[in-house]
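# Chain and residue survey
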Amino acid sequence: LVIAGGWIEGLYLATTIATQDSEPNEQLFDRIAEQKISLKNLQDLVSAYNDENTLENVIADLAMLETAFEGVEITNEKSSEVSKSRGVTTIGGKTTNTMTKESLDEIHRVVKEIRTRYVS
């Protein structure tokens, strides 16, 4: 619960700042978009500790956020390079996040609703 609550609070703060900025902050947009991956990991963690169905409300809240994150696209471009002189393979890549202002607004709306219930 502490991990889920902390993550929701962090996402709430980030989306609040991002939605209030007059000009989009691309780095902040990227960090928020990346939370789509963290959300999946958090869902798995919460589900693992839901032995007696005590976390069903949290699981439902995270599912609402998963729906809100559907507008976010994350693409990974992988590359590798072999150095013939050293015989070393270097693996790298680039991640591209795509999130519209509408998607951000929806994520913010949902996370604000969840946060409001948790702090009330």
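Residues numbered from 1 in each chain as written. Predicted model: local features only at pLDDT ≥ 70, side-chain atom pairs only at ≥ 80, totals over all residues. Heavy atoms only, no water.

### Some details on the overall build of the chain
In plain terms, the rule: Think of it this way: any DSSP run of H or I at least four residues long counts as a helix, any run of E at least two long counts as a strand, and we number them from the N terminus. A simple rule labels every residue: compare its accessible area, found with a 1.4 Å probe on the protein chains alone, to the largest value its type can have, and call it buried under 20%, exposed over 50%, or partly exposed in between. Per-residue and other accessible areas were derived by the Shrake-Rupley procedure at a 1.4 Å probe size, with only the shown protein chains allowed to occlude residues. Under this rule, positive means Lys or Arg and negative means Asp or Glu; His and the chain ends count for nothing. Note on charges: their place is set at NZ of Lys, CZ of Arg, CG of Asp or CD of Glu.
A tally of regular secondary structure across the chain gives 4 helices and 2 strands. Shown N-terminal to C-terminal, the secondary structure of the chain runs as helices and strands in the order α-α-α-β-β-α. Its C-alpha atoms give the chain principal-axis dimensions of roughly 60 × 45 × 20 Å. Put simply, the chain has 120 residues, and 29% of those count as buried. When the accessible surface of the chain is split by element, carbon and sulfur atoms take 51% of a total near 8,000 Å². Charge separation in the chain, taken as the distance between the mean sites of 12 positive and 20 negative side-chain charges, equals 6 Å.

### Digging into the nonpolar core
Formally: By nonpolar core is meant a set of buried Ala, Val, Leu, Ile, Met, Phe, Trp, Tyr and Cys residues that side-chain atoms within 4.5 Å join together. Contact criterion: two residues are considered in contact whenever any of their non-hydrogen atoms come within 4.5 Å of each other.
Ranked by size, the top nonpolar core spans 27 residues in total, and within it W7, L11, I32, L62, L65 and M99 carry the most contacts. Every element with two or more residues in this core is listed here: α1 (2-20), α2 (26-48), α3 (56-68) and α4 (101-119). I32 has contacts with L11, A14, T15, A18, F69, M99 and L104, leaving out every residue within four places of it along the chain.

### Describing the pattern of salt bridges
Where side chains of opposite charge bring their charged atoms close, a pairing between them can arise. Using the following cut-off: For this document, the term salt bridge refers to a Lys or Arg side-chain nitrogen within 4 Å of an Asp or Glu carboxyl oxygen.
Per the stated rule, a full pass over the model turns up 8 salt bridges. The shortest N-O distance in the salt bridge between E106 and R109 comes to 2.8 Å. Pair noted here: E106 and R109 are both in helix α4, with a separation of 3 residues, about one helical turn. Linked through salt bridges whose partners overlap, the residues forming this network are D61, E106, R109, E113 and R117.

### Remarks on the side chain of S103
Structurally, S103 can be placed in helix α4. Classification of S103 by relative accessible area gives buried; the value is 10%. Apart from residues no more than four positions distant in its own chain, S103 is found in contact with A68, G71 and V72.

### Some remarks on the side chain of Q43
Let me state the cut-off plainly: Two N or O atoms form a polar contact when they lie within 3.5 Å of each other; inside protein one atom must be a possible hydrogen donor and the other a possible acceptor, and for residues adjacent in sequence the pair counts only when both atoms belong to side chains.
Within the element layout of this structure, Q43 appears in helix α2. On the accessibility criterion, Q43 (14% relative accessible area) is buried. Polar contacts involving the side chain of Q43 include one to the side chain of E66, which spans 3.3 Å.

### Details of a nonpolar patch on the surface
In plain terms, the rule: Patches here are clusters of residues that have more than 30% relative accessible area and form no salt bridge, with a 9 Å joining cutoff for like charges and a 5 Å cutoff for nonpolar side chains (Val, Leu, Ile, Met, Phe, Trp, Tyr).
Taken together, I3, L45 and Y49 make up a surface patch of nonpolar side chains, about 330 Å² in accessible area. Its place among the elements puts I3 in helix α1. We classify I3 as exposed; its relative accessible area is 55%.

### Quick word on the confidence of the model for the chain
Where we set the bar: Per-residue confidence from the predictor is reported as pLDDT, which spans 0 to 100.
With 98% of its residues at a pLDDT of 70 or more, the chain has an overall mean of 91. Within the chain, α3 carries the highest mean pLDDT (97), whereas strand β1 (residues 73-83) carries the lowest (77).

### A word on the packing of α1 against α3
For clarity, the cut-off: Fitted lines through C-alpha atoms serve as axes, helices being fitted only where they are in contact, and the angles separating the N-to-C directions of these axes extend from 0 to 180 degrees. Geometric relationships in this document are graded by angle, where less than 35 degrees denotes roughly parallel, more than 145 denotes roughly antiparallel, 65 to 115 denotes roughly perpendicular, and other angles denote oblique. We call a crossing left-handed when the near helix sits turned anticlockwise from the far one by less than a right angle, and right-handed when that turn is clockwise.
Two elements in contact, α1 and α3, have axes whose closest approach is 12 Å; the angle formed by their N-to-C orientations is 30°. Relative to α3, the element α1 lies roughly parallel. Note that α1 runs across α3; the crossing there is left-handed. Every residue of α3 that contacts α1 at A4, W7, I8 and L11 is listed here: V58, L62 and L65.

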